[in-house]
Amino acid sequence: MAERSFKEEVQKLRIPAGEEFHGEGILAVTKALLQSGVSYVGGYQGAPISHLMDVLGDANDILAELGVHFENSASEATAAAMLAASVNYPLRGAITFKSTVGTNVASDALANLASGGVTGGALIIVGEDYGEGSSIMQERSHAFAMKSQMWLLDPRPNLTAIVDSVEYGFELSEYSNTPVMLELRLRSCHLHGSFITKENKRPTFTRKEAMENPRRDVSRIVLPPASFMHEQEKINQRMPAAIQFIKDRKINEMISNGKKDFGIITQGGLYNTVMRGLQLLGLADIYGNSEIPVYVLNVTYPIIADEVEEFAKDKRALLLFEEGQPDYIEQNIHSILRKADATAKLHGKDVLVMAGEYTPTVVTKGLLSFVRMYAPDLIKENDLPAIVLPPDSPEHPMAIKLTQGEVHMRPPGFCTGCPERPIFSALKLAERETGKHHVSADIGCHLFSILPPFDIGATTMGYGLGSAGAAGFQDANSEKPVLAFMGDGGFWHNGLTSGVGNAVFNESNQVLVVVDNAYSAATGGQDILSSAADNPIRSTKHPIERAVRGVGVKWAKTVTNTYKVDELRDTFIDALTSKEPGPKVIVAQSECTLNRTRRERPLAAKAEKEGKRVVRERYGIDPETCTGDHSCIRISGCPSLSITANPDPLRKEPIATVLSSCVGCGLCGENAHAAALCPSFYRTQVISNPTAWDRFITSLRNAYISRLQSGIERRYAGIEPEASTAELVSA
Amino acid sequence: MTQATQTRAITMAILAMGGEGGGVLADWMVSLGEHSGYWAQTTSVPGVAQRTGATIYYVELFPRTADGAEPILSTMPTPGEVDIVLASELMEAGRSVVRGLVTPKNTTLIASTHRVYSMMEKTALGDGRVDSDTIIENCMKAAAKFVGGDFAKIAEESGSVISSVLFGALAGTGRLPFTRKEFESAIERAGVGVATSLNAFARGFEYAQNALKPASTGVPIQIGMKPVSVEDTKAATDAAIAADPTAAVGARLSAQAAHIQNTYPASVRATLVHGIKRTTEYQDVKYADEFLARVASVYALDLAHGDGSFRLTNEAARYTALWMTYEDTIRVAAIKVRARRFDRIHKEARAKNEQVVGIMEFLHPQVQEVADTLPTALGKWVLRSKPVNALITRVSGNGIKVNTTSAFGYTTLYILSRLRPIRRRSLRFNEEQLLIDAWLTTVMDLASKNYGLACEVAETQSLVKGYGETHANGLANFDAIMAELPRTLVAADPVARQIALRTAALAEESGEKLRALLR
């Protein structure tokens, strides 16, 4: 089960028509899908649409009631191929994934789908992971829409606008026989807002009808000569139909309260930021009444030439807000204006930025330079927002400087109790004996290994491609194999074939570590084939080691508890020094602690309340024996293992300490042993509701220990002054 | 703020770390707004940021009007235009200043001043901590109003999480047009841990109200209270000891304390008192006398060549005491069996009386450490004897877990702790005394030639610490730097050179940087 549960929120999907729905973007999209009569939904998790998948999973009952089929697809390619059901039948289908990485994976299927075209509405909801908070390379989904001739929606970040775009997206897809991409920007997914609901619709045509009355049309299949015909269709029929639909339905919005002879064109997704910029410059109010006309592109591909020409007419200049690069839309509009012999001058990247996010700062500064050029009298120069002031102005919001040495970066890292941490602790220890290796990393929480304190991993080539990323390093003369990492999520996504199968076939001498934490953990703890949990709607418990042996791996070992650091270290040494040809696969298994804690903590609390014997563990460090060299931190990096001022009156440097957030995972103890660290670590065990035996044995032990302790204190007497003994105890 | 005059949204940013409840705080704000007749919008950046990294949540509120017109709210904060910033930790507060979210024109900054150390601060071999005061000063400079306090402590005391305290402090500032009851209702509606959250909320509320209470001058007080630091406490204790050394020791050391009071200047007394107590606890009063004898020779030279600060005496005394009480098995055992340690652990585990507490030690005595503790001849034999070596490695090679709360485990450590009398005859004791004297001789030799360098050489001893491999590495670095001394002495700036060498040794574990400097 996923890390975050939407079991309660999904009940909102049952809200009847005409009521105000309050919630997050992802819930609104799900509601919109139901309101559109969707027949089937698939997708692959990944920020920012991970929670959309979780919502759909938790809403499975509601979906089933409406006759909607939902799948957790094996990959984005699988999800995209699923849309094949809309090619021959009037079935509406929707898929979702993270973009551009997911779109990269899906693009083979998407290109085939877009070539033959669709009968039923096909909606591809891409979570555009761009700008601050993004975890991937900075690229645009726009290119995919252009290259395959799919239409791209980029609605205003407003729940009503997003819900509408889902609904007209299906209609547009059907009207133009083309799959439609709906771009949900990073912040829109978790945007909390409201909209007025409509009735959920049961699909009119069912999958059963399709399956029992199969249809085919060879002209829809991508094979010559049909493939050549598809290209003509795209340009001569589907595109004109789409343009007609977009114009007729007025999907793009012209907001022209003001009658200025210059205007603004913006991608829908940037609308709120642009309006905020105008408001800060005193050119619009909070309701969007603007002195400058604004043309909002809720469809960013195709650009409607007629609408652009109409908007540009009688205008001296236009400012285009198009985020990211290359500047596809700007080039497109330049071409439209030139062909129309329009006189309006187009600005965009010249006053904004070519690369990077269009933050309020970038947008407001761009607006200011633009308006200064065409109507300087509109600008109240002595009442400007602080952000547009010169950087050296004392009024500038960043006038107060703190250096990087004072405010450190705080990148994400392994959680307290993360079972992946000991894998890298063990590798660090193994490498003390075997020396360093080239390490090909993968996508997932385990990629945090590249950061301090581990500093392990040289490249990452994509999800599930850790092993493939090591393929180039084959040299019979090398004394050392290469080391590759892969998560269980990436393994089932494609790594089994692209990595393991490839290494077997090419007799690759690599050591592959598959990090098996029982979930697709980095994306929010979704179940996968090898998950250990029972999932009522999915088939789980398919072991990874069996899969790798199935494709021909001879040397495979599963370590079922990553906390056995010494065992794992020895396994690493074995694998790294093995003379066995072909890939050596280590499956390092332990459940993701976020998910485990979420499951077990309430159970333990309940048991304790019910009077059952419950054991709680945590670690500690003796401040008197810790000398403050922090070597324990350098092989752990746990958030709960920190530093604190040295209580020793003679020492200055801070000592290590265990914070109360410690979950007693055991790594500190294991590391203290495996790395022969220091004797400062201890484990505390607190037993709630002890049994009669517990109490009996404890009272005997306590009596014995107290007797010896009073002897010890007698021998130390006379060192501390009498009065302050109590103080010292508390210190 | 009334509906008629308000033209801009109320803007609020929350800076937190993954897992700290920043999302819960944002949800409360939305619930508060929506139930008080406001449009509410919140956005966050989900994804990997939830895994302990820095995260920003952003909330905008705008009053609803009769015509139902929907305002256009921003999904991102604009630097310079944020009304309220809540930061769950001091460095995050610093980050909000760096990002321009906090401005003297309009921002109320509510920040917890406790520290969650960054990886860079934690992994340093020495002290890598950032100065809290610098950040606090800048927060005060940057904000229109700054409510800073150790909210983590308040949260812990009230059995809740920091988000509840911050929400209470937000209400307490009176910056939002909502009543206290409306705030509390938002917590109640969320329905999770309501009682403890409300308790923490109340503490935060009061804290902010007091912090912003106008003083008699009518100017709002801006409190930047940070947690009381151990360093401050130490300084106060040391001042008291310097004033009256005899009051700081028991009967067995009263003669030594009186001697310290009569012979030494106030600036070194506390260090000496700590030194005699430490050496006596470690060995015996005679050992404390030996410590004082060593310090006396340094002090004589300090009087002759020093600048009156007695820095040399202070640092030499500090590191002599630390070196004389080197970390051996007996010391570790003696600390582990003390009653005060048991008390501390009970407190730390928040164990209630009816609960049973067990303590498990993770020990890893190596052949060298075992031999170190034995009488010199026996120790040497152990090191030479292959079968004994193998035996020790077999028993403790993968570490030993000792249950100190069991009779057997406790007795084992107890016996070890009582080996104190044989320490003087042990292999390591004699070796360490020779090393200490050699180092002190060098320090004293330098006192007349270059006082500053002598002080730095005294401080170089701080490299020798830890156990096993860490200790061996530290000692090797120390030896290398000491061997370099003849060349350091003739360097352009010997003091700077010595500091550079020591810093390089602490820069990273592999010793690369130090080796590069020594090349």
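All values reported here derive from a predicted model rather than from experimental measurement. (Residues numbered from 1 in each chain as written. Chains lettered and ligands numbered in written order. Predicted model: local features only at pLDDT ≥ 70, side-chain atom pairs only at ≥ 80, totals over all residues.)

Attention shifts here to the overall build of chain A. A count of helical and extended segments in chain A gives 24 helices and 24 strands. By its C-alpha atoms, chain A is 100 × 70 × 60 Å across when sized along the principal axes. Counting only residues that meet the buried cut, chain A has 53% of its 731 residues in that class. Within chain A, contacts between residues separated by at least 24 positions form 78% of all contacts whose residues are at least 6 apart in sequence. (Helix = DSSP H or I, 4+ residues; strand = E, 2+ residues; numbered from the N terminus. Buried ≥ 20, exposed ≤ 12 C-beta atoms within 10 Å, placed from the backbone. Contact = placed C-beta atoms within 7 Å.)

All right, on to the overall build of chain B then. The secondary structure content of chain B amounts to 26 helices and 8 strands. Taking the principal axes of the C-alpha coordinates as reference, chain B spans close to 95 × 55 × 50 Å. Across the 519 residues that make up chain B, the buried fraction comes to 51%. The contacts of chain B with a sequence gap of at least 6 include a subset with a gap of at least 24, amounting to 69%.

The next subject is helix α10 (residues 254-263) of chain B. Residues and elements named next belong to chain B. Taken as a whole, α10 has its buried residues at Gln-256, Ala-257 and Ile-260. Angular distribution of buried residues about the axis of α10 spans 100°; they occupy a single face of the element. Buried residues in α10 make contact with α11 (266-282) and α12 (285-305). (Arc of directions from axis to C-beta.)

The next thing to look at is the domain arrangement of chain B. The domain boundaries assigned to chain B delineate domain 1 (10-227) and domain 2 (329-423). Spacing between the C-alpha centres of domain 1 of chain B and domain 2 of chain B amounts to 47 Å. (Domains from an automatic or database assignment.)

Next up on the list: the pairing of strand β4 (residues 84-87) of chain B. All names here are of chain B. In β4, alternate side chains face the same way, and those of Ile-84 and Leu-86 on one face and Val-85 and Ala-87 on the other are all buried. Of the strand pairs in this sheet, strand β1 (residues 10-17) and β4 are connected by 4 bridges, and their pairing is parallel. Bridging across to β4, Met-12 finds its partner in Ile-84. Bridge analysis of β4 against strand β5 (residues 108-112) gives 4 bridges, and the strand direction is parallel. Bridging from a neighbouring strand, Val-85 pairs with Leu-109 of β5. (Pairing = 2+ DSSP bridges.)

In this section: the sheet that holds strand β20 (residues 584-589) of chain A. All names here are of chain A. Strand order in this open sheet of 6 strands is β16-β15-β17-β18-β20-β19, and the pairing throughout is parallel. Every other strand in the sheet has two partners, leaving β16 (459-460) and β19 (555-559) as the edge strands with one partner each. Bridge count between strand β17 (residues 482-487) and strand β18 (residues 510-516): 6 bridges; the pairing is parallel. Along β18, the bridge assignment pairs Gly-487 with Val-515.

We now examine the sheet that holds strand β9 (residues 253-255) of chain A. Residues and elements named next belong to chain A. Pairing is mixed in the open sheet, where 5 strands are placed in the order β9-β11-β10-β13-β14. The sheet terminates laterally at β9 and β14 (345-347), the two strands that pair on one side only. On average, adjacent strands in this sheet sit at an angle of 20° to one another, irrespective of strand direction. Bridge count for strand β10 (residues 262-267) against strand β11 (residues 294-297) is 4 bridges, and the pairing is parallel. For Ile-264, the partnering residue across the bridge sits in β11 and is Val-294. (Axes fitted to C-alpha atoms, helices over the stretch in contact; angles between N-to-C directions.)

With that out of the way, let us pick up the interface of chain B and chain A. How big an interface is tends to be stated in terms of accessible area lost as the parts join. Counting residues at the interface gives 117 residues for chain B and 104 residues for chain A. The biggest single contributor to the side of chain B that touches chain A is strand β7 (residues 356-363) of chain B, with 8 residues. Residues of the side of chain B that touches chain A, tallied by class, amount to 52 nonpolar, 37 polar and 28 charged. As defined by bridge partners, strand β24 (residues 681-688) of chain A adjoins β7 of chain B across 6 bridges and the pair is classed as antiparallel. (Nonpolar A, V, L, I, M, F, W, Y, C, P; charged D, E, K, R; others polar.)

Entries for chain A in the domain assignment read domain 1 (19-248), domain 2 (253-388), domain 3 (421-591) and domain 4 (693-731). One C-alpha centre belongs to domain 1 of chain A, the other to domain 4 of chain A, and the line joining them spans 70 Å.

Let us look at unusual backbone geometry. Generally, phi is negative for residues other than glycine and the peptide bonds are trans, each holding for most cases. Residue and element names in this part refer to chain A. The linkage connecting Gln-325 with the following residue, Pro-326, adopts the cis geometry, with an omega of -5°. Structurally, Pro-326 is set in the loop between β13 (317-321) and α14 (328-339). Cis geometry is found at the peptide bond from Pro-452 to Pro-453, where omega equals 5°. Along the polypeptide, Pro-453 turns up in the loop between β15 (439-441) and β16. Unlike most non-glycine residues, Lys-250 shows phi in positive territory, near 50°.

Attention now goes to the packing of helix α1 (residues 25-35) of chain A against helix α2 (residues 50-58) of chain A. Residues and elements named next belong to chain A. Direction vectors running N to C along α1 and α2 enclose 50°, while the axes themselves pass 9 Å from each other. Classified by the angle between their axes, α1 and α2 sit oblique to one another. Considering only the axes of α1 and α2, their crossing is right-handed. Residue-level contacts link Ile-26, Leu-27, Val-29 and Thr-30 of α1 to His-51, Leu-52, Val-55 and Leu-56 of α2. (Parallel < 35°, antiparallel > 145°, perpendicular 65-115°, else oblique. Left-handed = near helix turned anticlockwise from the far one by under 90°.)

The next point concerns the confidence of the model for chain B. Residues and elements named next belong to chain B. Averaged over all residues, the pLDDT of chain B is 90; the fraction at 70 or higher stands at 95%. pLDDT under 50 marks residues 216-224. Its contacts with residues more than four places away, or in other chains, come to 19 contacts. Under the prediction, the complex receives an ipTM of 0.91, its pTM being 0.90. (pLDDT = per-residue confidence, 0-100.)

Here we come to helix α6 (residues 162-173) of chain B. Residues and elements named next belong to chain B. Here α6 contains 12 residues, and its C-alpha end-to-end distance of 17 Å stays within 8% of the 16 Å for a straight helix at 1.5 Å per residue. The element α6 is largely enclosed, with a buried count of 11 among its 12 residues. Considered for burial, the residues of α6 that qualify are Ile-162, Ser-163, Ser-164, Val-165, Leu-166, Phe-167, Gly-168, Ala-169, Leu-170, Ala-171 and Gly-172. Immediately downstream of α6, the backbone of Gly-174 shows phi near 70°, a positive value. (Expected span 1.5 Å × (residues − 1).)

What follows deals with the confidence of the model for chain A. Summing up the model confidence of chain A, the mean pLDDT is 93 and the portion of residues at 70 or higher is 98%. Confidence drops under a pLDDT of 50 for residues 725-731 of chain A, and excluding neighbours within four residues, the segment shows 6 contacts in the predicted structure.

What follows deals with the environment of Ala-505 of chain B. All names here are of chain B. If you trace the backbone, Ala-505 turns up in helix α25 (residues 494-507). A tally of 26 C-beta atoms within 10 Å means that Ala-505 is categorised as buried. Sequence-wise, Ala-505 and Val-298 are 207 residues apart; in three dimensions their C-alpha atoms are separated by 26 Å. Those residues within four positions of Ala-505 in sequence are excluded, and the remaining contacts are Leu-463, Asn-477, Ile-481 and Leu-514.

Residue and element names in this part refer to chain A. Along the chain, Gln-589 falls in strand β20. Put simply, Gln-589 and Asp-629 are 40 residues apart on the chain and 31 Å apart in space, counted from C-alpha to C-alpha. Beyond its immediate sequence surroundings of up to four residues, Gln-589 is in contact with Asp-516, Thr-558, Val-559, Thr-560 and Thr-562.

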